[in-house]
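What follows is the residue order along each chain.
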Amino acid sequence: MLEQVQRIAIHADDAAVARPARLRVLRALARRPLSLVGAFLVAAFALMALFGPWLAPHDPTAIYYSAVLAPPSPSYPFGTDATGHDVLSRVLAGARISLSVGLVAVGIATAFGTLFGVVAGYLGGWIGGIIMRVMDVMLAFPDILLAIVVITILGPGLGTVMIAVGIAAIPAYTRTVRAAVLTVREQDYVEAARALGASSLRIMVVHVLRNVLTPIVVLVTISLGLAILTSAGLSFIGLGAQPPTPEWGDMLNDAQNYLQQAWWMAVFPGAAIMLVVVGLNLLGEGLREILDPTIR
Amino acid sequence: MLTFVLRRLLWLPPMLLAVSLVTFVMIHLVPGDPVQILMGQNPTGGNVQLARHELGLDQPLPVQYLRYLGNALHGDLGTSIRSGRPVLAEIGDRFPATLELTLSAMALAIILGVGLGTLAAAVRARWVRGLVLLLSTLGLSMPTFWLGLLLIDLFALNLRWFPVLGNTTIQGTVLPTVTLALPAAAVLSRVTYAGLSEVLQQEYIRTAQAKGLARRRVVLVHALRNAIIVVLTIAGLQFGGLLAGSVIVENVFSRPGLGTIVVSAILGRDYPDIQGAVLVFAVLYVAINLLLDVLYGVINPRIRVS
């Protein structure tokens, strides 16, 4: 899956050279109805993540013994689960968990992937060779399996999942950034900087890095959705968040035992995951098409 | 041609070595006493020293790795802590179910994806294209574990069309297949749509249309044939994703397979089982990708150069 994203994002490097003004990108986004829907969904979930605890009618971990498996009602709009937790409050609290897990994972992948990609692409040589061979080995494991290797070593848990999903995405970032760097490296302005006597480090940071930002931005938007999906999936199979943490994947894990009695336990957390990922994908697709002239 | 295939095949041994090194190192990075890790809480006879010697843990690490590699090559992947059976036998029992699920999902994804993509590219009504593209975004964003739960609820529990859980018969494979196939179908529908719309703009299509051929014939015979190579290439890339996705889908449906072994082994700290299953998964993945690589080289000569 990431490979697809990566291949698509590589195309965006042509746009890096054009470096479109931010305002133009925003205007172009606003003209696309689906991108607007995406932006709206992402903004809504970001607000939920920021203000969820104040919006929630109940404490997400409080147990209401008098209302176990209660169907949706005015006091529990999304019903309650088998333990007696308020599902709405847990869905709201889950936004912060899912978004931060996704952001940390993507942050890890971006940081290391950019570092490795720039070094491998700009310096090349034996260091670059070693980096790319290590990435090849990592790509020999499907991303969930790579995450499972990390979880085996560190033990199940939410923190582990962030690290695991982040590490699993590093090869895709490294390859994308390296490919972008390889094209940027041949540009005249890099040649000019080198002729002026700028050091490799300065050229990498000031000239190369700045011009590979566009493919990175596109990759981040799209892989954030993917990271949220994978993390929730790992929590669903019991390798991530542990109860009573209000995490969407873990809530669905709980819900599968009560599908017949309590549909609300499965419907709301699942819909939350899907909506946030739909939002990120719509926004990412919009960005990609605007920033990447080869698609139009 | 031959050198291309050979060059690719030469890549296989170092990859397999690296993969085995990762699974070997993984176990040694787990915190705790390796004897307990490899033999469970109670080493045989309670004699830790003997167990240490039996497992070769008193040897230096490189020697241990070579021993692990030698054993693996002879099909000895250790003994499962939970069942006491050889790991390879455990995996062998479960493996066909995983392969079956992955292959049937691949087939369904190609049928659905190519069908919908063709519809989007060929039908002139704009809403058809919009609908297919929207469906594909939804398919890409749908958590498979949620989709699986909804399908179980609707088709197994309410309508009772399919058995509920832990079933590897043909009926029991239908819902997991649909669940696993949808995201891949979403990707393939886009690729088909993009490829086909490009082909449909070419001169020979206009010629075919000018000859008075029915549009259906032009699209299905003349255009699709040329778009299909790209679609199959992407389908091949999806195979690894499906293999990985089976880990989650098998657990949603409690379907006995490699994915359920891995997860239950992690939760039960059965390290030999984890190590074996991860190794088999990775070897399979590397082998399939290599096979596809070679296959594309044969089909499409342009790839051989790069």
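The shown structure was predicted, so the numbers you read here are calculated from the model rather than taken from an experiment.

## As for the overall build of chain B
Alright, step 1. From N to C terminus, chain B includes 14 helices and zero strands.
Alright, step 2. C-alpha atoms of chain B, sized along the principal axes, occupy 85 × 55 × 30 Å.
Alright, step 3. In chain B, which comprises 306 residues, the proportion classed as buried is 41%.
Alright, step 4. Put simply, of all contacts in chain B between residues at least 6 apart along the chain, 71% involve residues at least 24 apart.

## Quick look at the interface of chain B and chain A
Alright, step 1. Taken together, the contacts link 38 residues of chain B with 37 residues of chain A.
Alright, step 2. Those elements that provide at least two residues to the side of chain B that touches chain A are α2 (12–29), α7 (126–141), α8 (144–158), α11 (215–252), α12 (258–267) and α13 (271–299) of chain B.
Alright, step 3. Among the elements that take part in the side of chain B that touches chain A, α11(B) stands out by supplying eight residues, more than any other.
Alright, step 4. Tallied by class, the residues present in the side of chain B that touches chain A amount to 32 nonpolar, five polar and one charged.

## Regarding helix α10 (residues 203–210) of chain B
Alright, step 1. By the criterion of burial, α10(B) is predominantly exposed, with just zero of the eight residues buried.
Alright, step 2. Positive phi appears at B:Gly212, one or two residues downstream of α10(B), with a value of about 95 degrees.

## Points about the nonpolar core
Alright, step 1. Formed by 175 residues in total, the largest nonpolar core has its most connected members in A:Leu145, B:Leu188, B:Val262, B:Ala277, B:Val278 and B:Ala282.
Alright, step 2. Among the elements that line this core, the one with the most residues is helix α5 (residues 87–123) of chain A, at 18 residues.
Alright, step 3. With residues up to four places along the chain from it excluded, the contact list for B:Val262 reads A:Ile148, B:Val247, B:Ile274, B:Ala277 and B:Val278.

## Quick word on the environment of B:Ser20
Residue and element names in this part refer to chain B.
Alright, step 1. With respect to the secondary-structure elements, serine 20 resides in helix α2.
Alright, step 2. Residues serine 20 and threonine 207 lie 187 residues apart in sequence; the distance between their C-alpha atoms is 55 Å.
Alright, step 3. In contact with serine 20, not counting residues within four places along its chain, are Leu69, Ala72 and Leu279.

## Digging into the confidence of the model for chain A
Alright, step 1. The share of residues in chain A with pLDDT of 70 or more is 91%, and the mean pLDDT across the chain is 85.
Alright, step 2. Here residues 4–18 of chain A is a poorly scored stretch, pLDDT under 50, and it has 47 contacts once near neighbours within four places are set aside; other chains count.

## Some words on unusual backbone geometry
Residues other than glycine predominantly adopt negative phi, and peptide bonds predominantly adopt the trans conformation.
Alright, step 1. The peptide bond linking A:Pro243 to A:Pro244 adopts the cis configuration, its omega dihedral lying at 5 degrees.
Alright, step 2. Looking at the secondary structure, you find A:Pro244 in the loop between α11 (213–236) and α12 (248–255).
Alright, step 3. Unusually for a residue other than glycine, B:Arg160 sits at a positive phi of about 55 degrees.
Alright, step 4. Here B:Arg160 shows up in the loop between α8 and α9 (170–200).
Alright, step 5. Judged by the 9 C-beta atoms lying within 10 Å of it, B:Arg160 falls in the exposed class.
Alright, step 6. Despite not being glycine, B:Ser254 has its phi angle at roughly 45 degrees, a positive value.

## Points about the confidence of the model for chain B
Residues and elements named next belong to chain B.
Alright, step 1. In this model, chain B carries a mean pLDDT of 83, and residues with pLDDT of at least 70 account for 93%.
Alright, step 2. The element-level mean pLDDT for chain B is lowest in helix α14 (residues 301–305), coming to 56, with helix α6 (residues 87–122) highest at 92.
Alright, step 3. The complex prediction reports pTM at 0.86, with the ipTM value standing at 0.85.

## As for α9(B)
Alright, step 1. Between its terminal C-alpha atoms α9(B) stretches only 39 Å, short of the 45 Å expected from 31 residues at 1.5 Å a residue.
Alright, step 2. Where α9(B) bends most, the angle comes to about 40 degrees, and this point is B:Leu182, followed within four residues by the proline B:Pro183.

## Structural notes on the environment of B:Met106
Residues and elements named next belong to chain B.
Alright, step 1. You can see methionine 106 is positioned in helix α6.
Alright, step 2. Between the alpha carbons of methionine 106 and leucine 243 there is a distance of 9.8 Å; along the sequence they are 137 residues apart.
Alright, step 3. Excluding its chain neighbours within four sequence positions, the residues that come into contact with methionine 106 are Ala235, Phe239 and Leu242.

## Digging into the packing of helix α4 (residues 33–55) of chain A against helix α13 (residues 263–291) of chain A
Packed helices, taken two at a time, are described by the angle their axes make and the gap between the axes.
All names here are of chain A.
Alright, step 1. Put simply, α4 and α13 touch, their axes get as near as 7 Å, and they point 135 degrees apart. As summarised for this structure, α4 and α13 are arranged oblique, according to the angle between their axes. Seen from above, α4 lies across α13 with left-handed handedness. For the pair α4 and α13, the contacting residues are Leu34, Ser35, Val37, Gly38, Ala39, Leu41, Val42 and Phe45 in the first and Leu275, Val276, Val278, Gly279, Leu280, Leu282, Leu283 and Gly286 in the second.
Alright, step 2. When its residues are assigned to classes, the contact of α4 with α13 shows twelve nonpolar, four polar and no charged.

## Digging into the packing of α4(A) against α5(A)
All names here are of chain A.
Alright, step 1. The interhelical angle for the contact between α4 and α5, taken along N-to-C directions, is 135 degrees, at an axis separation of 7 Å. Between α4 and α5, the crossing angle belongs to the class labelled oblique. Where α4 crosses over α5, the handedness of that crossing is left-handed. Across the interface between the two elements, Phe45, Ala46, Met48, Ala49, Gly52, Pro53 and Leu55 from α4 touch Leu92, Ala93, Ala95, Arg96 and Leu99 from α5.
Alright, step 2. When its residues are assigned to classes, the contact of α4 with α5 shows ten nonpolar, one polar and one charged.

The rules behind the values
Residue positions within a chain follow its written sequence, with the count starting from 1. For this description, chains carry letters from A and ligands carry numbers from 1, given in the order in which they are written. With pLDDT at 70 or above as the cut-off, local features in this predicted model cover only qualifying residues; side-chain atom pairs require 80 or more to be listed or tallied, and sums for whole chains, interfaces and linings still use all residues. The secondary structure listing takes helices from DSSP runs of H or I that are at least 4 residues long and strands from runs of E that are at least 2 residues long, numbered from the N terminus. Counting other C-beta atoms within 10 Å of a residue's own tells you its class, since 20 or more makes it buried, 12 or fewer makes it exposed, and anything in between is partly exposed; those C-beta atoms are placed from the backbone. Contact between residues is assigned whenever the C-beta positions, reconstructed from backbone atoms, fall within 7 Å. Three categories are distinguished: nonpolar for Ala, Val, Leu, Ile, Met, Phe, Trp, Tyr, Cys and Pro, charged for Asp, Glu, Lys and Arg, and polar for the others, with Gly belonging to the last. Note on terminology: a nonpolar core is a set of buried residues of type Ala, Val, Leu, Ile, Met, Phe, Trp, Tyr or Cys, with members joined through C-beta atoms within 7 Å. A residue's pLDDT is the predictor's confidence in that residue, given on a scale from 0 to 100. Multiply 1.5 Å by the residue count of a helix minus one, and that product is the helix's expected span. The angle between axes fitted to the seven-residue stretch ending at a residue and the seven-residue stretch beginning at it gives the bend at that residue. Geometry is summarised by axes, namely lines fitted to C-alpha atoms with helices restricted to the contacting stretch, and by angles between N-to-C directions that run from 0 to 180 degrees. For classification purposes, angles smaller than 35 degrees are called roughly parallel, those larger than 145 roughly antiparallel, those between 65 and 115 roughly perpendicular, and all remaining angles oblique. Crossing chirality is assigned from the near helix's rotation relative to the far helix, an anticlockwise turn below a right angle marking it left-handed and a clockwise turn marking it right-handed.

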